[in-house]
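Survey of secondary and tertiary structure
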Amino acid sequence: MFAQRPDPRPATVEVFVGDAALRVPEGSTAAAAVMLAGLPAIRETPVNGSPRLPYCMMGICFDCLAEIDGVANRQACMVTVRPGMRIAPQHGARAARVPA
Amino acid sequence: MTDLAIIGAGPAGLAAAIEAASLGLSVTVIDEQPAPGGQIFRNVERASSDPALAGEYGSDGAALVRRFRAAIQAGGIDYRASTTLWHLDTVGGVLSLRGESGTGSLVAQRVLLATGAQERPVPIPGWTLPNVLTAGAAQILLKQAGAVPRGRTVLAGQGPLLWLLADQLAKAGATPALLLETTPRGALRQALPAGLAGAGFWRGRAMLAKGATLMAASRRAGMRVISHVTGLRAEGEGRLQRITWDGGGSTEADTLLLHEGVIPSTHVSRALGLPHQWDETQLCWRPEVDAWGATPHPLLAVAGDGAGIGGWQAATATGALAALDAACRLGRLPEHARDSRAVPHRHLLRRMLALRPFLDRLYAPAPGVLAPADDDTIVCRCEEVTAGQVRAAAALGATGPNQAKAYLRTGMGPCQGRMCGTTVAAVIAQARGIPIAEAGALRPRAPFKPITVGELADLPAG
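Parameters and conventions
Residues numbered from 1 in each chain as written. Chains lettered and ligands numbered in written order. Predicted model: local features only at pLDDT ≥ 70, side-chain atom pairs only at ≥ 80, totals over all residues. Heavy atoms only, no water. Helix = DSSP H or I, 4+ residues; strand = E, 2+ residues; numbered from the N terminus. Rg over C-alpha atoms; globule rule 2.2 N^0.38 Å. Buried < 20%, exposed > 50% of the residue type's maximum accessible area, 1.4 Å probe, protein only. Contact = heavy atoms within 4.5 Å. Areas by Shrake-Rupley, 256 points an atom, 1.4 Å probe, with all protein chains shown as cover. Lys, Arg positive; Asp, Glu negative; His and termini not counted. Charge placed at Lys NZ, Arg CZ, Asp CG, Glu CD. Phe/Tyr/Trp six-rings, centres within 6.5 Å; stacked < 30°, edge-to-face > 60°. Buried area = accessible area lost by both parts, 1.4 Å probe. Salt bridge = Lys/Arg side-chain N within 4 Å of Asp/Glu carboxyl O. Polar contact = N/O pair within 3.5 Å; in protein donor to acceptor, adjacent residues only side chain to side chain. Nonpolar A, V, L, I, M, F, W, Y, C, P; charged D, E, K, R; others polar. Pairing = 2+ DSSP bridges. Patch = residues over 30% accessible without salt bridge, like charges linked within 9 Å, V, L, I, M, F, W, Y side chains within 5 Å. Arc of directions from axis to C-beta. Axes fitted to C-alpha atoms, helices over the stretch in contact; angles between N-to-C directions. Parallel < 35°, antiparallel > 145°, perpendicular 65-115°, else oblique. Left-handed = near helix turned anticlockwise from the far one by under 90°. pLDDT = per-residue confidence, 0-100. Disulfide = S-S within 2.5 Å. Expected span 1.5 Å × (residues − 1).

If you tally the helices and strands in chain A, you get one helix and nine strands. Tracing chain A from N to C terminus, the helices and strands come up as β-β-β-α-β-β-β-β-β-β. Against the globule reference of 13 Å for 100 residues, chain A gives a C-alpha radius of gyration of 13 Å, in line with a compact fold. Once the C-alpha set of chain A is aligned to its principal axes, its extents read approximately 45 × 30 × 25 Å. When the 100 residues of chain A are sorted by exposure, 55% land in the buried category. Put simply, of all contacts in chain A between residues at least 6 apart along the chain, 39% involve residues at least 24 apart. Counting only carbon and sulfur atoms, one obtains 54% of the accessible surface of chain A, whose full area is about 4,300 Å². Separation between the mean location of the 10 positive side-chain charges and that of the 8 negative ones in chain A comes to 4 Å.

Below, the structure is given as structure tokens:
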């Protein structure tokens with residue numbers, strides 16, 4: 001779990017991690033918001049269902065895959081936060097959505 | 001059409017862009033991050049005044065990025081932030097890109113890969129548990145969000161970055177409780193000749209002094225250090241709860257930060273089919289390049305840590321050298337001018353690499369880091385494949401990571417083998433009693449990063 005410090009970079013951008021709203025500094029990533037929110041897991045693996053949180057934070061490991069603003073399988077560590085962004089955990093493999 | 005496309009806006013890419021633009025080349029810089037600096041100087045324009053990040057980051061890093069911004073102002077550089085290269089046609093020099101405004105392509109006369117380094121995977125039992133991260137990940141959280149780990153933090157592994165991070169966390173008010181250092185007994189004695197050769201210690205004295213200062217500062221801040229640790233394990237139910245090691249060592253922990261040095265990010269250079277060599281000293285794959293960073297392919301060059309680990313200052317030198325060579329190849333700079341302009345960069349490069357042979361030997365990862373001994377340890381995080389399964393595949397006839405893929409799906413998950421490729425090669429090599437070079441490097445395929453079907457469909461025709 002990570003915490004913000006009283007810092008020259010104020011937490012000004014409001015995002016939603018799961019259903020919880022929190023503020024993070026401008027220029028942070030969705031993965032940083034996940035760590036700051038203290039979520040127990042951002043996804044469960046498709047193979048064994050084991051919980052994962054971000055590991056590398058630099059686009060290498062793909063363990064931070066999340067549903068961001070309704071789009072699944074996004075690398076949360078590569079997505080810069082925007083006001084109102086919704087970051088949701090992903091369970092197992094992404095389900096294909098075929099429009100009716 | 002651009003003269004020189006540069007992939008990556010870290011120290012190598014920035015130095016190359018500045019040099020190439022000053023020679024009149026049109027330059028396009030492609031970078032996945034929203035701001036220049038690479039991993040080492042990530043978010044430096046926003047975070048340089050953070051007291052926890054004072055030092056090279058706040059001074060040299062900020063200065064390099066300022067020079068890049070000034071070069072953009074002066075003209076000749078098209079900087080495309082938040083943009084991913086997902087395919088490169090090496091016949092026509094066509095780059096397929098995905099940016100914030102969608103997919104598109106770009107034709108370049110020459111392409112410089114400045115993709116930098118990634119942390120070496122540290123496959124210990126339990127390394128997939130939530131709250132086990134790399135040391136670099138914690139540093140990125142500090143740079144990008146001003147965040148620090150809460151509770152009891154333990155660092156494990158070895159190398160200069162761990163001491164730098166310990167010092168930065170201490171300055172940020174989050175001193176790690178414990179460092180479990182994995183450098184084996186006797187490593188220093190064995191590494192000494194490499195430091196004495198070529199006056200490496202003398203020429204690298206500033207770097208050595210900085211290292212000593214960092215070590216003293218983190219100990220002073222209250223971080224305990226246990227040396228010569230082997231048999232690290234991360235344990236817990238659904239999250240990290242404790243860390244154990246050989247000899248009955250055990251500690252509770254909320255966050256574990258692992259680090260065993262960095263290796264070149266060769267995902268794209270391997271996908272392009274460029275020849276790579278297994279570096280026996282740095283224990284990693286590196287693309288074959290000449291003294292200018294040029295690969296055997298007429299279109300492609302590699303600069304910075306992506307061509308072999310040398311650190312950020314060496315990367316600025318190799319970036320500038322690759323830019324000079326690009327100008328020469330494109331007929332904008334005569335050979336003699338290229339060679340004379342290269343002199344200061346070659347001096348810098350020699351100075352910055354002086355200490356490297358000593359550091360490479362001192363902090364060489366233990367054999368168990370390259371190929372975990374415990375059969376139950378996960379090596380492929382995506383597909384959750386264990387070292388034992390890879391050994392079984394080797395016994396059945398898998399000769400390298402490209403064959404293991406078909407047996408086990410290692411390298412077929414979302415990371416495309418970025419994390420497991422080197423480990424799978426090392427496990428197979430050990431099981432079959434062959435050198436890692438013979439097991440071979442994993443050959444990824446495009447797209448280098450996942451793109452959606454919609455993005456693919458949006459590509460302009462032709």
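Turning next to the packing of aromatic side chains. Residue and element names in this part refer to chain B. This structure, assessed with the given rule, holds six aromatic pairs over all chains. Ring centres 6.5 Å apart and planes at 50° place the aromatic pair F41 and Y57 in the tilted group. Taken together, the residues F41 in the loop between strand 2 (27-30) and helix 2 (44-47) and Y57 in helix 3 (residues 57-74) connect sequence positions 16 residues apart. Classification of F41 by relative accessible area gives buried; the value is 1%.

Right, let's talk about the interface of chain A and chain B for a bit. Residue-level contacts link 40 residues of chain A with 50 residues of chain B. Per-residue buried area on chain A facing chain B is highest for F2, R9 and Y55 of chain A; these three make up 21% of the total on that side. Taking the shortest distance from any N to any O, the salt bridge between R52 of chain A and E384 of chain B comes out at 3.7 Å. Our count for the chain A to chain B interface comes out at 20 residue pairs in polar contact (both at pLDDT 80 or more). Listing elements by their share of the side of chain A that touches chain B, those giving two or more residues are strand 1 (2-4), helix 1 (30-37) and strand 5 (51-52) of chain A. Residue composition of the side of chain A that touches chain B, by class: 23 nonpolar, ten polar and seven charged. Two strands pair when backbone bridges link them, and strand 1 of chain A and strand 9 (residues 147-149) of chain B are joined in this way by three bridges, in the antiparallel orientation. Pairing of Q4 of chain A across the sheet is with A147 of chain B, part of strand 9 of chain B.

On the surface, a cluster of nonpolar side chains totalling about 290 Å² of accessible area is made up of L188, L192 and L196 of chain B. Here L196 of chain B falls in the exposed class, since its relative accessible area comes to 60%.

Attention now moves to helix 6 (residues 187-196) of chain B. All names here are of chain B. Along helix 6, the residues that are buried comprise A187, A191, A194 and G195. Buried residues of helix 6, viewed axially, fall in a sector of 95°; they line one side. Exposed positions of helix 6 whose direction lies more than 90 degrees from the buried face are R189, Q190 and L196. As for helix 6, its buried residues are in contact with helix 7 (200-203) and helix 12 (356-362). The first or second residue beyond helix 6 is G198, which carries a positive phi of 60°.

Paired through their backbone hydrogen bonds, the strands of a sheet run either parallel or antiparallel. Pairing in this open sheet of three strands is mixed, and the strands run 5-4-9 (chain A) from one edge to the other. Of all the strands in the sheet, the pair left with one neighbour each is strand 5 and strand 9 (90-91) of chain A.

Residue position: D63 of chain A is located in the loop between strand 5 and strand 6 (65-68). A relative accessible area of 1% means that D63 of chain A is categorised as buried. Apart from residues no more than four positions distant in its own chain, D63 of chain A is found in contact with I42, R43, R52, L53 and Y55 of chain A together with R381 of chain B.

How two helices sit against one another is set out by the angle between their axes and by the gap between those axes. All names here are of chain B. Interhelical geometry of helix 10 (residues 312-329) versus helix 11 (residues 335-353) gives an angle of 165° and a closest axis separation of 8 Å. On the basis of their axis angle, the class for helix 10 and helix 11 is roughly antiparallel. Two packed elements cross with a definite hand, and for helix 10 against helix 11 that hand is left-handed. Between helix 10 and helix 11, the contacting residues are Q313, A314, T316, A317, T318, A320, L321, L324, D325 and C328 on the first element and E335, R338, R341, A342, H345, R346, L348, L349, M352 and L353 on the second. The residue makeup of the contact of helix 10 with helix 11, split by class, is eleven nonpolar, four polar and five charged.

All right, on to the pairing of strand 2 (residues 11-17) of chain A then. Residues and elements named next belong to chain A. As paired strands, strand 2 and strand 3 (residues 20-25) are joined by six bridges and run antiparallel to one another. Bridge pairing links F16 to A21 in strand 3. Here strand 2 hands over to strand 3 after two residues, with G18 in that stretch at a positive phi of 65°.

This part covers the confidence of the model for chain B. Summarising the model, chain B shows a mean pLDDT of 96, and 100% of its residues fall at 70 or more. Scored as a whole, the predicted complex attains pTM 0.96, and scored at its interfaces, ipTM 0.95.

Right, let's get into the pattern of salt bridges. Residue and element names in this part refer to chain B. Counted according to the given criterion, the structure contains 23 salt bridges over all chains. R391 is the partner of D375 in a salt bridge, and the nearest nitrogen-oxygen pair spans 2.9 Å. With a gap of 16 residues between them, D375 in the loop between helix 13 (367-370) and strand 21 (378-380) and R391 in helix 14 (residues 387-396) connect regions that are remote in the sequence. The class of D375 is partly exposed, set by a relative accessible area of 40%.

With that settled, consider the side chain of E19 of chain B. Residue and element names in this part refer to chain B. Note on placement: E19 falls in helix 1 (residues 11-22). For the buried E19, which has no salt bridge, the nearest side chain bearing the opposite charge is R341, at an N-O separation of 4.4 Å. With sequence-adjacent residues up to four places away left out, E19 is seen in contact with A320, A323, L324, R341 and H345.

Here we take up the state of the cysteines. All names here are of chain B. Scanning the entire structure with this criterion turns up zero disulfides over all chains. The structure places no disulfide on C420, whose sulfur is separated from the nearest cysteine sulfur, that of C380, by 4.3 Å. On the basis of relative accessibility, which here comes to 3%, the residue C420 falls in the buried class.

This paragraph deals with helix 1 of chain B. Residues and elements named next belong to chain B. With twelve residues, helix 1 should reach 16 Å at 1.5 Å per residue; the first-to-last C-alpha distance of 17 Å fits that figure. Judged by how many residues are buried, helix 1 sits mostly within the fold: eleven of twelve residues are covered. P11, A12, G13, L14, A15, A16, A17, I18, E19, A20 and A21 are the residues of helix 1 that are buried. Taken from the residues just after helix 1, G24 is the one with a positive phi, measuring 90°.

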